[in-house]
Every structure is written in structure tokens, then in C-alpha cells.
Amino acid sequence: MAAKVLTEGGLNVVMLEAGPQVYPEKDYKMLMWPYELPHRGAGVGGRASEDFGEFLAPNGAWDIEGEPYTSAPGANFRWFRSRIVGGRTNHWGRIALRFAPVDFQSKTRDGLGDDWPITYEDLAPYYDKVESYIGVFGTKENVSSAPDGVFLPPPKPRCTEILIKKACDKLNITCIPARLAILTKAHNGRLPCHYCGQCGRGCTTASNFSSSQVLIPPAMATGKLTLITGAMAREIVMSKDGKAEAVSYIDKASKTEKRVYAKAIVVAASACESARLLLNSKSTLFPDGLGNSTGNVGKYLTDSVGSDGWGEIPALEKMPPHNHDGVGGMHYYVPWWKFDRKNDFPRGYHIELWGGRDMPGVGMFDGLCRDEEGYGVQLKRRARQVYGTTVGFSGRGEMIPNPETYCELDPDRVDQWGIPILRFHFKWSEYELRQAKDMQETFKSIIEMMGGTYKTKTRIDGQYPFGILPGGKIIHEVGTARMGADARTSVLNGYCQTHDVKNVFVTDGAPLVTNPDKNPTLTIMALSWRASEYILDEAKKGNI
Amino acid sequence: MSIQGISRRDVLKTLAMSAAGGSVLQVIPLEAAELAHQMVKKQKAAAPAGRYSPKYFTPKQYETLISLCDTIIPKDEKSGGAVEAGAPEFIDLLTSENEEFQGRLGGGLMWLDTYCIDHYGKTYMECAPEQRKEVADLIAYRKNAKATPELHQGVAFFAFLRNMTCDGFYTSKIGIEDLQYIGNVTRSEWPGCPPLPE
């Protein structure tokens, strides 16, 4: 985002990317069948199943060879990284939700966490700009927890979603068209969606949003962007006058150290990777790392609360076979709807919907095999009968930052490039567990209202009560260099500028003060656009 | 609503032509499709015609694997079975690349033979069809492991193999058609859900 706004604003930009260039026409597996690959989507040794399967857009993984991270005992934090131009925007779920006004004033609201140094009104014009540029479908609904935006028309609901909505209506649960960064009409020179349902594989027609296809090309077209791939940023180098003057990086191909000098540095490596870079940027001026003079880098880490559930709906057995693909993601969703009452946990969650006659894939019948057991014609008939009758829910909720959840440099280990790695600490509190419990109860009530059987079984004890997923698993980790009005408790100001060094900015998930139940990407882009305009302004004034 | 499943090449060709005007993209979907086709062709050409030679399992083990896959998902009046769908090749490939699978499946097949020798005096493949069915009926259900602890490992092995056989079958053309999945095509518009039956 920053590269586009800065180059279009007339500045020269060098972008360092730790991974390779992406070539959609060759790298994306759009419209391929599982049987066109020898591993059928399971990947070498079946290991791609964990990384969302072999069809996922390239270079996104929980583990990268030679680039480890560690977790403190009991933390089991999982860190998804995308080493490729455009990063995670090649892989993301395209869910594009605005934070609500109340999400910026959390402490004022319930005494927990902190308020942002900016308000919804400060960011709203940038939400408008981002949505108008990238294209987001949705509908105006006037739900106070989920502000409306600039929307393209939404796709009609799938059969599963019609039935879920009917059940939600009876239960007084709000169920509305989803808001996804997928084009239902031609938009800014990009073709509309062709409804193959495979956004996660990457789209060769760029009918969904990814930075690599939608932001980098216009930045390149200015002639002011130099993209250096295979460049692993190691340290931000300080000059004697207290400003940052360069980034040292490892050129992966030659395994040599190189340096690029700049008047300002924008760090957007993903929240934890950016924290790592700041912590590794030690100087006489900042012995504990750049931006870390008050020890806040890496702190306030949160991920979304996640708990999933599914059931079988006999009513769907009667549906004739039909194309259920649609866009790559839900057409309807449940925004947080209990904001007007007292709950036994703070903040809220939204519910993502899935299921139905999806393309068969590896693992699809694990549940059936476990429940039915046996073998033979009977098993085959049962698979035929239940195929397409599954509906599922993913609850995604807000975690409150806690002192036991943060990342820091592992004191002992470096990666293969010689760069100290991160060690994660992670703990869900009672707030999040109660939220996960509420999710499970809601999923069950919807399935039962649909006349179905709820199949997910969760425990109330153990490491993951109520099916709460390990930290990191939702890939919404944010907050590790948060913004704030008070330099003693934050790393950045409201323009994503470090309090310590005024020509260093952080524009990924790290600046987020809260992690509400809205996927962070849209807000990250809006913040980045706003910070970039500020940089242009400061550059004009000669302050940078 | 006029939606037809046109061939993917036709659609991609159309997309490529309309993409040429004013797009910020430098992608050519037609080439993408071409590349994908070539990849598959190459992979197919690399496999020698005729008999598949297993990468991990011994020929004898592989025969047992084929027999078990056929037991788990046989041919029926609607479609072919897991063997025709290529499940054994798929399982062998993944197992050759994964030590855990080697223990669970390679070791599991040896467990099966040992069990059969103990109870029938011969390997699983040498057993009579009724005897094989008797063993399968024992290891296909968790409740039998509860009643007879010596079956524990066999039940775990069979459950693992059942999952993988389903994976192999339902990711094949035969399996996907068996489920009547209709999709993986490009469409000019999204018509929504067909009328719901009462």
C-alpha cells in the first residue's frame, strides 16, 4: 500500500522482499483438479494439508526451512509467514471489514486495554479510498458493530447460506451479505469474478485483491519503484544524528550482506517480523532495539479468538446437484450482534459460514470415516448421501492484550541468515475462553434450528477448551509495535511513526491497538495509506 | 438465467482478450492454462506405460494395499472403485515421502500379516475371502479394539488407511463424478441457489 501511495506521490521507493517474485500465470493453480497433481493437493508427504493444501498461492507456510521460531513452554504459538511479493495478500480470505467507532475507544468503553490515538472519523476517509480502489462487495446494513463501506453489489447466497440465514432470523441472530475484496463487477481495469470459488489459490485475472497484482503494478508503472527480491532485512542502521539512514539486508542468493540507504524507512514485514527487525536494530542510541526505548516492541501481541464447528443438515440431502462454488469465501456472514446486551465476556466475535457442495479434496471425508467406520459399498453410499450436507461456522473474536502474551528475541538462536529469531509467549485468558464457549453454543443452536446434527465435540478443560485454536492459527497477529498518544506505553504515534526516530514508520498489523472481531487487513491498508500521505506531506515540508 | 459450463480454455481465451484493454495486469490467462496442461502432460509422460512400480512398498505389500483399497471403496453400480481411481499409487507416493506414514502403513501391513499368520496360519493375501472379511470386520470398528486389546494397532492402521483411501478416491475424476460435484469452471455470472425442494 505504502509503495503505491509514495511512488504516486512522487517519491522514489526501494522495496525489500524476503521471498521471490510471484508469477500468477505460472504460480497460481486456478481451475486445476486435484487429480492433475500427483499429490492430489496433499503436497509432498501429505504435509501441505497443514498449510491449507497444495493449491494455496505459493510460499505461505507455518514452517520455513532455515527460518525457525520458538515458543516458550506451553505457548505453542503458530506463525504463518508468506515469503513472496505481496506476502499474505496472495493467500488471505479477502474478508474486508471496517473496525467500528467503538473499537478505537476500548478503554473508555470497558476499562480494558487502551484507546487508540486516532478515531474512526480519522480513518473513515481512508477506508473509503481503500475500498474504492481495491473493490469490496457488501450491502449497507446500519449494524453499529460493522460499519458500512463503499461496496460493489454482493453475490446471491448459496443454498447453505439461505438455510443458515433462515435459522438465524428465527434466533434473532443478524446474518447479512459478507464483505469481501472480490470483484462482482469489472473494476479499475480488473475483470469481474468468474465464480470458481478458489481465491486462496490466487487469481490469474486479479478479480480478487492481492498487493502483488493490484498495488505493485501501479507503483511499478510510476517508474519510481525498485523491487529487490530475496532480500532478508536484518537491521535498520542509525546515523550519528539520530535518524535511520539505511537497511542492512541479506541477499539470499549470494548469502552476502548488502545495504540500501534511504531518507525514510517504512517497515511492513508483518507484525511479528517487523517487531523482530526493530528488536534486531540495536545501536548505541537504542541498545534494546529501535523504537524500543520504553520496552514496548513485541508486547501487546494478540491473535483473533478462533473456534470452529460444523454439523450435518438432512434437508440438504434433497438438493439436486448444482454448482455451489461462488466466490472464494462466504457470501453471507454473521457480524457481532450482541453488542447491545450484557455478555459474560468483553467485546465480541463474528461468524464465518462455510460448507455445502465444495470441490472434493483431501481430508473431506475424515469426519465421515471417523463417525461411520466400516468399509465397502455402504461407506461409499453414505459419502454420497452426506456430501454437500455439511455446514460449518468459524467464530472469530477479539482478544484482550495480556502481559503473558508477547514476542521477544530468542537469546540463543539465529536463522540460517545469522539473524536472531523470535520466541513467542502466548496465553488465552478467561475472557477468550468464555467467548469460545459462547461461539460453540451459538453454532449448535443454529445447526439445531436448521434441523441438523451438531457434530463438533469440544472439552471444557485441557489446553484448548471449547475448541479455541492455538495462538497464531487465525493469522491475525497484531499489536507488536502499537500506536498510542503516550510514548511510554506505545511505539508509534497516530501516523505509524516511531516515537523514537521520526523517519521510521511501521505499516502492517503491528500498530493496531486493539484486535476487534474484524479481520485486520482492511484497517492495515487504511492506516498505511494515511501514514503514507503523512510521509509525503512531511517530505514536502523537509521534515524527513 | 443462461449459464453454461463452457470449456475452461474457451473462457480463458475470452478473458485474455478482454484483459488486454486497460488492465493493470500483465497476466495472460491463456498461457496459464497452457502451462497447466503441459505440466500435467509431462507428469503423465514421465510415468512408464503399464504397471506401476511402487516407490515405497514391496511388491507383496503393494498387492495387499491394492486389495485393502478395493475393500474400502469397491466398484459399485454407480462408479469404479479406489483402485481404478489411483488410490494405491497416491498412497504409495505420499508414504515414500513421509516417515510417519511409513510406520503407520508399512508397519500396519506387517501387523496385518502377523495377525493373519497367528490366527489362520497364512498371510492376509493367502487367506480365503471369508477369512479376509473376518479380519476386516474386526479392524474396521473401534469397539472391537475395546473388547479385544490386541486389535488396537490394527484398528488404528485401518482407520488411517481408510482416510487415505477416501482421499485418493474422492480426489480422482471417478470420485469427484461419483459425488456429482459440478463446478471448477468459469462463469459469467453467479445465479445463486436453485429452487430449494419443499
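Scoring rules and cut-offs
- Residues numbered from 1 in each chain as written.
- Chains lettered and ligands numbered in written order.
- Predicted model: local features only at pLDDT ≥ 70, side-chain atom pairs only at ≥ 80, totals over all residues.
- Contact = placed C-beta atoms within 7 Å.
- Helix = DSSP H or I, 4+ residues; strand = E, 2+ residues; numbered from the N terminus.
- Nonpolar A, V, L, I, M, F, W, Y, C, P; charged D, E, K, R; others polar.
- Core = buried A, V, L, I, M, F, W, Y, C linked by C-beta atoms within 7 Å.
- Buried ≥ 20, exposed ≤ 12 C-beta atoms within 10 Å, placed from the backbone.
- Domains from an automatic or database assignment.
- Pairing = 2+ DSSP bridges.
- Axes fitted to C-alpha atoms, helices over the stretch in contact; angles between N-to-C directions.

A.B. asks: It is not clear to me how the interface of chain A and chain B should be interpreted in this structure. Could you clarify?
C.D. replies: Reports of interface size often rely on the accessible area that becomes lost once the parts have come together. With 64 residues of chain A at the interface, the matching set in chain B holds 60 residues. For the side of chain A that touches chain B, the secondary structure elements donating two or more residues are α2 (24-27), α5 (159-171), α7 (216-221), α9 (366-372) and α10 (377-386) of chain A. Sorting elements by how many residues they give to the side of chain A that touches chain B places α10 of chain A first, with four residues. The residue makeup of the side of chain A that touches chain B, split by class, is 32 nonpolar, 18 polar and 14 charged.

A.B. asks: Which parts of the structure should I look at to understand the nonpolar core?
C.D. replies: Nonpolar side chains in soluble globular proteins generally cluster together in the buried interior. Within the largest apolar cluster, 146 residues are counted, with the highest numbers of intra-cluster contacts made by Ala3, Ile164, Leu180, Val267, Ala275, Phe505 and Ala526 of chain A. Here this core gets eight residues from one element, more than from any other, and that element is helix α12 (residues 521-541) of chain A. Taken together, domain 1 (1-31 + 82-137 + 179-295 + 478-544) and domain 2 (142-177 + 305-397 + 427-470) of chain A each give at least three residues to this core, which thus spans both. With residues up to four places along the chain from it excluded, the contact list for Ile164 of chain A reads Cys175, Tyr332, Leu353, Val391, Ile446 and Met450 of chain A. Ranked by size, the runner-up nonpolar core spans 46 residues in total, among them Cys369 of chain A together with Leu68, Cys69 and Leu105 of chain B.

A.B. asks: Help me understand the environment of Asp241 of chain A, please; the structure alone is not making it clear to me.
C.D. replies: Residue and element names in this part refer to chain A. Along the chain, Asp241 falls in the loop between β7 (231-238) and β8 (244-251). You can call Asp241 exposed: it has 6 C-beta atoms within 10 Å. Along the chain, Asp241 and Leu285 lie 44 residues apart, while their C-alpha atoms are 10.0 Å from each other.

A.B. asks: It is not clear to me how unusual backbone geometry should be interpreted in this structure. Could you clarify?
C.D. replies: Glycine aside, residues mostly have negative phi angles, and peptide bonds mostly take the trans form. Residue and element names in this part refer to chain A. In this model, Ala206 sits at a positive phi of 50 degrees, which is unusual for a non-glycine residue. For Ala206, the position within the fold is in the loop between β5 (176-177) and α6 (211-214). Residue Ala206 is classed as buried on the basis of its 23 C-beta neighbours within 10 Å.

A.B. asks: In this structure, what is going on with the sheet that holds strand β3 (residues 70-71) of chain A? I would like to understand it.
C.D. replies: Backbone hydrogen bonds hold the strands of a sheet together, and the pairing may be parallel or antiparallel. All names here are of chain A. What the three strands build is an open sheet, ordered β3-β16-β15; its pairing is mixed. Unpaired on one side and paired on the other, β3 and β15 (406-414) mark the two borders of the sheet. As paired strands, β15 and strand β16 (residues 420-425) are joined by five bridges and run antiparallel to one another. Residue pairing across strands places Val414 opposite Pro420, the latter belonging to β16. Against the sheet, helix α8 (residues 271-280) touches β15 and β16, its axis set at about 60 degrees to β15.

A.B. asks: Looking at this structure, I do not really get the domain arrangement of chain A. What am I missing?
C.D. replies: Residues and elements named next belong to chain A. Splitting chain A by domain gives domain 1 (1-31 + 82-137 + 179-295 + 478-544) and domain 2 (142-177 + 305-397 + 427-470). Taking the mean C-alpha position of each, domain 1 and domain 2 sit 31 Å from one another. In this complex, domain 1 contributes 32 residues to the contact, which on the side of domain 2 involves 24 residues. The greatest single-element share of the side of domain 1 that touches domain 2, amounting to four residues, is contributed by helix α4 (residues 120-134). By residue class, the composition of the side of domain 1 that touches domain 2 is 15 nonpolar, nine polar and eight charged.

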